[in-house]
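Examination of the molecular architecture
What follows is each chain in one-letter form.
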Amino acid sequence: MKKLVMGLAAASMLFACKTQKNPQATIEKPVLAQLDLVNVENDKVWVTVDPAEFKTESTIFNIPKTVPGTYSEDNYGKFTESFKAIDYKGNELSFEKINDNSYKIEKAANLDKVMYLVNDSFDWEEEGGVYSMAGTNILKDKNFLLNLHGFVGYFDGMTEKKYQLEIVRPEDLVAGTSLTIASTKNSEEGNSKKDVYNLDRYFEVIDNPIMYSKPDTTSFMVENMQVLLSVYSPNEKHSAQTLKPGMEKMIRAQKEFLGDINSTDKYAILVYLSEGEGDASNYGALEHHTSTVVVMPESMDASSLDKSMTDIVSHEFFHIITPLGIHSNEVHYFDYNDPKMSKHLWLYEGVTEYFANLFQVNQGLIDNKEFYKRMNQKITTSKRFDDTVPFTLMSENILTDEYKDSYYNVYLKGALIGMALDIRLRELSGGNMGILDLMKKLNAKYGKDKPFNDDELIPTIVELTYPEIQNFFDQYVTGETPIPYDEFFAKAGIEEQEQMTEVGFFLKGQQPYITANQETMQIVFRGDTEFNTFLKELGIEGGDVIKRANGEEYNVQNVYELIRKSQEWKEGDDFTMTIVRNEEEMQLKAKVSTPMDTQMTLSEVQNADGDKIELRNAWLKG
Ligand SMILES: [Zn+2]
């Protein structure tokens, strides 16, 4: 997953990798899961899960607590209600609710099926703490965003069984998904249809999100891969057609960058554009093996949307390399209700995020300067986290209270570990081997059906590269030494300089001047930072609470609107901000001016040595 960073609090991203097909394919009745998208009750959908007979005395039915790649405990079971266990005569059986996600049914031999109502996360307060791209939407007759882990559960010990998914849906809503519909049947009433999907195991159910909406789809071929783009834009501001050129250009460049690494022959990009308040409010994407769900604000203008989608969707697509292709046992044999975490988030999320930037400079989508700027922003923002925590330790414990707030750093320092390793490999190999070459070697050794033991990864990397790489990991990945970025940049003839540069009104790079008070939901100016020239001119002090800007009220919930609107402010216009300082409301006024601030920037050293320039070229263009 990747979350679009609006600056406030720690944003996150998800990755949803995993596994292989289970080889034992016995001919037995699949678990039948049915969703009724026609008879929607108060924004809720009935779901029925009908397994084959039980051989056990009792059974437990579960909705996932966690899904791969979210790295958070979301408890999708909390969105369900009116749970019923039904016997073969149609009577209700007694059951015990064990926790938010699990129900114990004693007389399993009599159990025919379970049924329950599912609420969507988008309508819940704060979306129930679930990232929108892993969330669910139920909007009768208009849109159903089916991240299926929010709808369909599993019985203990039956996750490897085949599933048949039957979705009854209004006639005029079509499925956006990378799944193939096995059959579509007309309903007896004639105003609805039933789509049937066959899945090899429970993991496939949750790895294949489906978005039902009015048709707005397009597709294109990139080499031998079909890319499907499905868009829901409630006010028709954007469409599959308007997003297609950007996505096509991006995926072509990614394929070119990857070269001979083999990947999927079908990939679906499902885009849900949110209306903002009262709708999905986390923006970003969650990846799956053959698709990604993207949630973005509909209000974005076309070019900003294009740019954000390029950064976000390219990240999801690169997950094909890792953890889809390269992953450990913890990822491969994922426990949806008691997950164990791998030590190697630097690889799964870090290297993926690094590639999502590297391919752009490699393929000429951005220039060197822009690439340095992005890496520099990651360095600056990553310094807000403890730089001495071993990355492997954090990764292994990412679900614990102590480390869960560090998660966002996997996209910052995680990516920078990837970059530093890339430069070091180029240095040791005289420019011939970079981190993409290493990934290809790892992919050949392991691959999607062959997970590694967490502890064998680093020795294997050393074996596939150079003995000196052991030291790199000892210091910067499993050790406590912060990466001396300047030393790595110096190898490529790049140096750091402090410069006065244009920044955002509320953001210096990815570093915000504001923060959120989660209790009062207020936007507060930070007390631990210098402000840009415009905020100084306006007279802002640390601790000031934003009430209104140019008459519009703001709080944490619409802070994105504030940042978006600020991009439209014009030099010389009158500007008023109402703030609260020491419990007193005040009006601050100024003419809008370009906000400037000092920033460390990275630039190429004039007249650098030839070997440094060669290393730089091998690194960025090789
Ligand atoms: Zn990710």
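Some details on the overall build of the protein
When you go through the protein residue by residue, the secondary structure sums to 16 helices and 32 strands. For a compact globule of 622 residues, the expected C-alpha radius of gyration is about 25 Å, and the protein comes in at 25 Å, within 12% of that figure. In terms of overall dimensions, the protein has C-alpha extents of about 80 × 65 × 45 Å along its principal axes. When the 622 residues of the protein are sorted by exposure, 58% land in the buried category.

Details of the packing of helix α6 (residues 345-362) against helix α9 (residues 413-428)
The interhelical angle for the contact between α6 and α9, taken along N-to-C directions, is 70 degrees, at an axis separation of 7 Å. Here α6 is positioned roughly perpendicular relative to α9, judged by the angle of their axes. Residue-level inspection shows Trp-346, Gly-350, Val-351, Glu-353, Tyr-354 and Leu-358 of α6 in contact with α9, the latter providing Gly-414, Ala-415, Ile-417, Gly-418, Met-419, Leu-421 and Asp-422. For the contact of α6 with α9, a count of residues per class yields eight nonpolar, three polar and two charged.

A short note on the sheet that holds strand β12 (residues 154-155)
Hydrogen bonding along the main chain pairs the strands of a sheet, whether they run parallel or antiparallel. Taking strand neighbours across the sheet as the criterion, the four strands line up as β7-β8-β4-β12 in an open arrangement whose pairing is antiparallel. Bordering the open sheet on either side are β7 (95-97) and β12, each of which pairs with just one other strand. Two elements, β7 and strand β8 (residues 102-105), share three bridges in a ladder whose sense is antiparallel. Pairing of Glu-96 across the sheet is with Lys-104, part of β8.

Here's the deal with the pattern of salt bridges
On inspection of all chains with the given rule, the structure shows 32 salt bridges. One salt bridge in this structure joins Lys-508 and Asp-597, with 3.9 Å as the shortest N-O distance. Taken together, the positions of Lys-508 in strand β24 (residues 507-508) and Asp-597 in strand β32 (residues 596-604) put the pair 89 residues apart, joining distant regions of the chain. On the accessibility criterion, Lys-508 (23% relative accessible area) is partly exposed. For Asp-597, a relative accessible area of 6% gives the class buried.

Points about the sheet that holds strand β20 (residues 266-274)
Taken in spatial order, the six strands make up an open sheet running β1-β21-β22-β20-β19-β18, and their pairing is mixed. The sheet terminates laterally at β1 (2-3) and β18 (217-222), the two strands that pair on one side only. Bridge count between β1 and strand β21 (residues 284-287): two bridges; the pairing is antiparallel. Its bridge partner being in β21, Lys-2 is matched across the sheet by Ala-285.

Comments concerning the pairing of β20
With eight of its nine residues buried, β20 lies for the most part within the structure. Note: strand β19 (residues 225-232) against β20, seven bridges, orientation parallel. Opposite Leu-228, over in β20, you have Ala-268 as the bridge partner. For β20 and strand β22 (residues 291-297), the ladder comprises seven bridges, and the chain directions are parallel. Following the sheet pairing, Leu-273 is matched in β22 by Met-296.

Digging into helix α15 (residues 559-566)
Burial analysis of α15 places six of its eight residues in the buried class, which makes it a mostly covered element. Elements in contact with the buried residues of α15: β22, β24, β26 (514-517), β27 (522-525) and β28 (545-549).

Observations concerning the packing of helix α3 (residues 302-318) against α6
Their axes nearest at 8 Å, the elements α3 and α6 cross at an angle of 125 degrees. On the basis of their axis angle, the class for α3 and α6 is oblique. Judged by the twist between their axes, the crossing of α3 over α6 is right-handed. Taking contact as the criterion, the partners of Thr-310, Asp-311, Ser-314, His-315 and Phe-318 in α3 are, on α6, Glu-349, Thr-352, Glu-353, Phe-355, Ala-356, Phe-359 and Gln-360. Here the residues of the contact of α3 with α6 sort into four nonpolar, five polar and three charged.

Concerning the nonpolar core
One finds Val-152, Trp-346, Phe-355 and Trp-619 to be the most contacted residues of the largest nonpolar core, which totals 164 residues. With 26 residues, the next largest nonpolar core counts Leu-538, Ile-546, Val-559 and Leu-588 among its residues.

Structural notes on the pairing of strand β13 (residues 163-170)
Summarising burial for β13: six of the eight residues are buried, a large majority. Bridge count between strand β2 (residues 31-41) and β13: six bridges; the pairing is parallel. Across the sheet, Asp-36 pairs through a bridge with Val-168, a residue of β13. Of the pairings in the sheet, the one linking β13 to strand β16 (residues 192-199) comprises eight bridges and is antiparallel in character. Pairing of Leu-165 across the sheet is with Tyr-197, part of β16.

Details of α9
In this model, α9 (16 residues) spans 22 Å end to end at C-alpha, consistent with the 22 Å of a helix rising 1.5 Å per residue. Burial within α9 is extensive, with 14 of its 16 residues counted as buried. Just downstream of α9 lies Gly-430, where phi reads positive at about 60 degrees.

Here's the deal with the packing of aromatic side chains
Per the stated rule, a full pass over the model turns up 44 aromatic pairs. Ring geometry for Phe-318 and Phe-355: centres 5.8 Å apart, planes at 55 degrees, overall tilted. One end of the pair, Phe-318, is in helix α3; the other, Phe-355, is in helix α6, and 37 residues separate them in sequence. Here Phe-355 falls in the buried class, since its relative accessible area comes to 1%. A network of ring pairs unites the aromatic residues Phe-505, Phe-506, Tyr-513, Phe-525, Phe-531, Phe-534, Trp-569 and Phe-575 as a single cluster. Taking the ring centre of Tyr-446 as reference, the NZ or CZ of Lys-445 above it sits at 5.8 Å.

Focus on unusual backbone geometry
For the bond running from Thr-322 to Pro-323, omega is 5 degrees, close enough to zero to count as cis. Note that Pro-323 resides in helix α4 (residues 320-325). Notably, Asp-141 is not glycine yet its phi reads approximately 65 degrees, a positive angle. By the element assignment, Asp-141 lies in the loop between β10 (137-139) and β11 (143-146).

Regarding the confidence of the model for the protein
One rule of thumb: low pLDDT means the predicted coordinates there are not for detailed reading. The predicted model of the protein has a mean per-residue pLDDT of 91, with 96% of residues at 70 or higher. Of the regions scoring below 50 in pLDDT, residues 6-26 engages in 101 contacts with residues more than four places distant in sequence or in other chains.

What to know about the environment of Leu-399
Along the chain, Leu-399 falls in the loop between α8 (391-396) and α9. Between the alpha carbons of Leu-399 and Lys-340 there is a distance of 9.0 Å; along the sequence they are 59 residues apart.

Cut-off values and rules
- Along each chain, residue indices are assigned from 1 in the same order as the chain's sequence is written.
- This being a predicted model, a pLDDT of at least 70 is required before a residue's local features are given, and a value of 80 or more before pairs of side-chain atoms are given or counted; all residues contribute to the totals for chains, interfaces and linings.
- Note that the side-chain values use all heavy atoms of the structure and ignore hydrogens as well as water.
- Only DSSP runs of H or I with at least four residues qualify as helices, and only runs of E with at least two residues qualify as strands; both kinds are numbered from the N terminus onward.
- Both definitions apply: the radius of gyration is a C-alpha atom measure, and the globule rule equals 2.2 Å times residues to the power 0.38.
- Under the scheme applied here, a residue whose accessible area is under 20% of the maximum for its type counts as buried, over 50% as exposed, and between as partly exposed, the area being computed with a 1.4 Å probe on protein chains only.
- Axis angles are defined between N-to-C directions and span 0 to 180 degrees, where every axis is a line fitted to C-alpha atoms and, for a helix, only to the segment in contact.
- Under this scheme an angle from 65 to 115 degrees is roughly perpendicular, one under 35 degrees roughly parallel, and one over 145 degrees roughly antiparallel; angles in between are oblique.
- Contacts are residue-level and defined by heavy atoms, with any inter-residue pair within 4.5 Å sufficient.
- Think of it as three bins: nonpolar holds Ala, Val, Leu, Ile, Met, Phe, Trp, Tyr, Cys and Pro, charged holds Asp, Glu, Lys and Arg, and polar takes everything else, Gly as well.
- DSSP bridges decide pairing: two strands pair if at least two such bridges lie between them.
- Salt bridges, as used here, are contacts in which a Lys or Arg side-chain nitrogen is within 4 Å of a carboxyl oxygen on Asp or Glu.
- Crossings are assigned a handedness: left-handed for a near helix turned anticlockwise from the far helix by less than a right angle, right-handed for a clockwise turn.
- Throughout this description, the term nonpolar core refers to a set of buried Ala, Val, Leu, Ile, Met, Phe, Trp, Tyr and Cys residues connected via side-chain atoms within 4.5 Å.
- Any helix carries an expected span of 1.5 Å times its number of residues minus one.
- For this analysis, a ring pair means two rings from Phe, Tyr or Trp (six-membered ring only for Trp) whose centres lie within 6.5 Å, classed as stacked if their planes differ by under 30 degrees, edge-to-face if by over 60, and tilted for the remaining angles.
- By definition here, charges over rings are those cases where NZ of Lys or CZ of Arg is within 6 Å of the ring centre and within 35 degrees of the ring normal.
- A residue's pLDDT is simply how confident the predictor is in it, with values from 0 to 100.

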